[in-house]
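The lines below spell out each chain.
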Amino acid sequence: MSELNLSEPRRQNPIGIIVYVLRNFRAIAALFVATISIGSANPKVWIYIGILIIPMMVVLALFAYYQYRNFTFQVLEDELIIRKGVIFKDRTVIPADRIQSIQITSNLVQRIFSLVSLKVDTAGSKGNELEIPALERSFANELKALLYERKEKTKEGAGALDQAQPNENTNDSEEDKREEVLVHLSIVDLVKVGLTENHLKTGFIALAFVFGTWSQYQEFVERYFSGYIDEYAEEVANAGLRLIAMFLVIYAVMSVLISLARTFLRFFDLKTTLKSRSIEISTGLFKRNQDRIPIKKIQFVEWETNPLRRLVGFESARLHPSNSAGEASKKQRIEIPALKQEQSALLATGVFPEFVLPAHAIPADAFAYARFGAIIASFFLIPIAALGFYHFEWPSLFVLLCYVPIVFLSYQFGKNVEIGLNNKYVVIKKGWIFPVRIVLPGFKMQSIAFHQNIFLKRRKLAHVKIYTAAGSRSVRYLSEIEAFKLYNYLLYKVESHTGDWM
Amino acid sequence: METVWENLDVEIGQLPKVEDVYFQRHPIRYRSYRMVVASIWWGIVVVGATVLGIALPEWWTLLVGSAVLILVGLTFFGIHIGYRKRSYALRQLDLTYRKGWLFYSITTIPFNRIQHTDVSQGPLERKFALCTLSIYTAGGSTSDLSIPGLEEDEAQQLRDFIAKKAASYE
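What counts, and at which threshold
- Residues numbered from 1 in each chain as written.
- Chains lettered and ligands numbered in written order.
- Predicted model: local features only at pLDDT ≥ 70, side-chain atom pairs only at ≥ 80, totals over all residues.
- Heavy atoms only, no water.
- Helix = DSSP H or I, 4+ residues; strand = E, 2+ residues; numbered from the N terminus.
- Buried < 20%, exposed > 50% of the residue type's maximum accessible area, 1.4 Å probe, protein only.
- Contact = heavy atoms within 4.5 Å.
- Areas by Shrake-Rupley, 256 points an atom, 1.4 Å probe, with all protein chains shown as cover.
- Axes fitted to C-alpha atoms, helices over the stretch in contact; angles between N-to-C directions.
- Parallel < 35°, antiparallel > 145°, perpendicular 65-115°, else oblique.
- Left-handed = near helix turned anticlockwise from the far one by under 90°.
- Nonpolar A, V, L, I, M, F, W, Y, C, P; charged D, E, K, R; others polar.
- Patch = residues over 30% accessible without salt bridge, like charges linked within 9 Å, V, L, I, M, F, W, Y side chains within 5 Å.
- Salt bridge = Lys/Arg side-chain N within 4 Å of Asp/Glu carboxyl O.
- Lys, Arg positive; Asp, Glu negative; His and termini not counted.
- Charge placed at Lys NZ, Arg CZ, Asp CG, Glu CD.
- Buried area = accessible area lost by both parts, 1.4 Å probe.
- Polar contact = N/O pair within 3.5 Å; in protein donor to acceptor, adjacent residues only side chain to side chain.
- Pairing = 2+ DSSP bridges.
- Phe/Tyr/Trp six-rings, centres within 6.5 Å; stacked < 30°, edge-to-face > 60°.
- Lys NZ or Arg CZ within 6 Å of the ring centre and 35° of its normal.
- Core = buried A, V, L, I, M, F, W, Y, C linked by side-chain atoms within 4.5 Å.

### Overview of the overall build of chain A
No. 1: When helices and strands are counted, chain A shows 16 helices and 20 strands.
No. 2: Looking at chain A as a whole, 43% of its 502 residues qualify as buried.
No. 3: For chain A, long-range pairs separated by at least 24 residues make up 60% of all intrachain contacts whose partners lie at least 6 apart in sequence.
No. 4: Accessible area of chain A: about 26800 Å², with a carbon and sulfur share of 64%.

Structure (structure tokens):
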């Protein structure tokens, strides 16, 4: 039980004034930069800048002080009351049982002053989350605990009337008991994760970066290579090759560097704690995020890996909680990038009680995937080959050899697609080089769709798509009979399920 | 290949089959409605293509013209054939809608997952005295199901029925 007494309205940490001041300054930063850049061209403007900007900053600083002074928060019974506003005064009351999740975050400025933001996400209208931006971390943690406590209390009160949910109360006392650190990334692990990122993906970011900075070096590169071209006209083709080789090396190095940097920024000191009713994740180098995801809200978990990452024995997991207010911005963060096999198993059983992998699964038709790959490839291979034939005749038909790897890869992909299910869980596996594994509790399904185009009908194949509150996942090219069995069985699971899905 | 289902608490074969349910079709004027909508859309495209055809060299005109013709033909044929496929089925616990000739699909929403429903009617729909019933789940906009081309009172009845069913799970 928390001893925090917040029945009287309270202000935040006074250092918060600085946070507000810097926030307000940031709002006019663009204006500031613009005037400086104009000012550097025309020194006379500096005078106007002085006249304009300095009083503006004074006003903003004063404004920040009043923002701080007028911001109070209070916890009365089971309501959080926040008053704020300088010109327009605002009073917000949030009943504790409406609170969906509470996050503690801190950006660079806040970290310098060792303050944090407490963000309260309610299930109301979108993007309408409340923020208390300047609290000490220990205080924020206490406040968070207090709010959750009040939330549970209101639920218990309701639970006494409603006998349908006996598990809730027994779990309550367990909350404190179980607290298991699932992952705590060391620097070595972090480097491993960074090096085994999907470089193809980050490579595209690198590519955008290279093209962005290309114009700066264009002149230099052109001068350098035009010298080559002039002197060794016959080596033009060679120089072209060298350029490509150079480009590839730059591309590879950039990809790896960017992957590393991104990994350090996002996953520095990542710590995941498994509690009996929630998962807590704190991560980040400059901007530290603390997330608490109620296990009930998790709709499905998606594990993925790549050959490199498998080599170091890691796979990553992405948690998909149901979409609610403010969730969209949070989406990308709920990823645990490095899980060993036993940690994956722990996560699975932690999130999904009594989870067992289904022993048998329905496979997809691998040949259908191969056909699909061939059809898609034809859209660009045939025109390319035709154009090539028009210009270079027979040798260009070697382009058609591309069919072999494409069809092979599609076939291998399809061979690894399957959907398994047991009493409670659906497990979808797909992919060969980048295998993905999805675990989805059957009763969390929102709706289901069966798709079959006119060509699939002839072959008695079909796709099944499962919709959940956190997005949909589909399994393609199942046999029609199995698809219908799956469809009917999952509907039965949902319709016979009593109680909440969230 | 015979697949084995593990530890299921029911006999799969005994479950009610969605494919065997009685499906209710739309009133026949819904087909005319779709034809009118398609005519308006394709009218715009044909005008655009004609303008393009005047501007482009002759063999391009032929190419674009024949492509538009084929697509128009497919659309109207699809509407004609697809009318027989478009139908909905109501069961005790869920609502199913199926549609599509080239791309056939069946979607089922269990009543205990429905968030809310509404009935809407556009200006052209009003001319045909047709309504659209939209059903929303927590699955976001992607999982919403809308059943167009319902008789006005049919849509109301359906909505009331579904709303009552959905509310019973609260």
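### Digging into the packing of helix 13 (residues 366–392) of chain A against helix 14 (residues 403–415) of chain A
Residues and elements named next belong to chain A.
No. 1: One can describe the packing of helix 13 onto helix 14 by two numbers: an axis separation of 7 Å at closest approach and a directional angle of 150°. The angle between helix 13 and helix 14 places the two elements in the roughly antiparallel class. Judged by the sense of rotation from one axis to the other, the crossing of helix 13 with helix 14 is right-handed. For the pair helix 13 and helix 14, contact is made by Ala366, Phe367, Tyr369, Ala370, Gly373, Ala374, Ala377, Ser378, Leu381 and Ile382 and by Tyr403, Ile406, Val407, Ser410, Tyr411, Phe413, Gly414 and Lys415, respectively.
No. 2: Considering only residue class, the contact of helix 13 with helix 14 consists of 13 nonpolar, four polar and one charged.

### Here we look at a negative patch on the surface
Residue and element names in this part refer to chain A.
No. 1: A surface patch of negative charge is lined by Glu77, Asp78, Glu79 and Asp97.
No. 2: As for its placement among the helices and strands, Glu77 is situated in the loop between strand 1 (72–76) and strand 2 (79–84).
No. 3: Of the residues examined, Glu77 reaches a relative accessible area of 68% and is grouped as exposed.

### Focus on the interface of chain A and chain B
No. 1: At the interface, 39 residues of chain A touch 39 residues of chain B.
No. 2: In total, about 3300 Å² of surface goes out of reach between chain A and chain B, with carbon and sulfur atoms giving 56% of it.
No. 3: Counting the surface chain A buries against chain B, the share from its top three residues, Gln446(A), Asn488(A) and Glu495(A), is 17%.
No. 4: Linking chain A with chain B are zero salt bridges, by the criterion used here.
No. 5: Here chain A is connected to chain B by eleven residue pairs in polar contact (both at pLDDT 80 or more).
No. 6: Listed by contribution, the elements that provide at least two residues to the side of chain A that touches chain B are strand 14 (361–363), strand 18 (445–453), helix 15 (454–459), strand 19 (461–468) and helix 16 (480–495) of chain A.
No. 7: Among the elements that line the side of chain A that touches chain B, the one with the most residues is helix 16 of chain A, at twelve residues.
No. 8: In the side of chain A that touches chain B, the residues fall into 23 nonpolar, eleven polar and five charged.
No. 9: In the sheet, strand 18 of chain A pairs with strand 4 (residues 103–110) of chain B via six bridges, with the strands oriented antiparallel. Bridge pairing in strand 4 of chain B places Phe450(A) opposite Ile106(B).

### So, the packing of aromatic side chains
No. 1: All chains considered together, the criterion is met by 18 aromatic pairs over all chains.
No. 2: For the pair Phe450(A) and Tyr487(A), a centre-to-centre distance of 6.5 Å together with 85° between the ring planes defines the contact as edge-to-face. With Phe450(A) in strand 18 and Tyr487(A) in helix 16, the pair connects residues that are 37 residues apart, well separated along the chain. Summarising the burial analysis for this pair, Phe450(A) and Tyr487(A) share the class buried.
No. 3: Taken together, the ring pairs in this structure connect Tyr369(A), Phe372(A), Phe413(A) and Tyr477(A) into an aromatic cluster.
No. 4: Over the face of the ring belonging to Tyr104(B) we find Lys85(B), whose NZ or CZ atom lies 5.3 Å from the ring centre.

### Notes on the side chain of Lys444(A)
Residue and element names in this part refer to chain A.
No. 1: Of note, Lys444 is situated in the loop between strand 17 (436–441) and strand 18.
No. 2: With a relative accessible area of 6%, Lys444 lands in the buried category.
No. 3: At a separation of 2.8 Å, a polar atom in the side chain of Lys444 contacts the main-chain carbonyl oxygen of Ile298.

### Focus: the pattern of salt bridges
All names here are of chain A.
No. 1: Considering all chains together, one arrives at 16 salt bridges over all chains under this definition.
No. 2: The partner of Glu197 in a salt bridge is Arg309, and the shortest N-O contact between them spans 2.8 Å. Within this pair, whereas Glu197 is found in the loop between helix 7 (187–195) and helix 8 (199–231), its partner Arg309 is found in helix 10 (residues 307–311), the two being separated by 112 residues in sequence.
No. 3: On the basis of relative accessibility, which here comes to 4%, the residue Arg309 falls in the buried class.
No. 4: In this structure, the salt-bridge partner of Glu335 is Arg266, at a minimum N-O distance of 3.3 Å. Of this pair, Glu335 sits in strand 13 (residues 335–339) while Arg266 sits in helix 9 (residues 236–267), and the two are 69 residues apart along the sequence.
No. 5: The exposure class of Arg266 is partly exposed, given its relative accessible area of 27%.

### So, the sheet that holds strand 5 (residues 114–120) of chain B
Residue and element names in this part refer to chain B.
No. 1: An order of 5-6-7 is seen for the three strands of this open sheet, with the pairing classed as antiparallel. Edge positions in the sheet fall to strand 5 and strand 7 (145–151), since each of these pairs with one other strand and no more. Each neighbouring strand pair of the sheet contributes to a mean axis angle of 20°, computed without reference to strand direction.
No. 2: The pairing of strand 5 with strand 6 (residues 130–137) spans six bridges and is antiparallel. Bridge pairing in strand 6 links Asp118 to Ser134.
No. 3: Across the sheet, helix 4 (residues 152–167) is in contact with strand 5, strand 6 and strand 7; its angle to strand 5 comes to roughly 165°.

### Re unusual backbone geometry
All names here are of chain A.
No. 1: For Ser114, which is not glycine, the phi dihedral falls at a positive 45°.
No. 2: Within the element layout of this structure, Ser114 appears in the loop between helix 4 (108–112) and strand 5 (115–122).
No. 3: Relative accessible area serves as the criterion here: at 53%, Ser114 is assigned to the exposed category.
No. 4: Positive phi outside glycine occurs at Glu354, with the angle close to 55°.

### Quick look at the nonpolar core
All names here are of chain A.
No. 1: The biggest cluster of nonpolar side chains holds 38 residues, and the ones touching the most others in it are Ile419 and Ile466.
No. 2: Examining the composition of this core, we find that eight residues originate from one element, helix 16, more than from any other.
No. 3: Contact partners of Ile419, with chain neighbours within four places excluded, come to Ala361, Ile362, Val426, Val427, Ile428, Ile466, Val475, Leu478 and Leu486.

Purely spatial values, then, with no claim about function.
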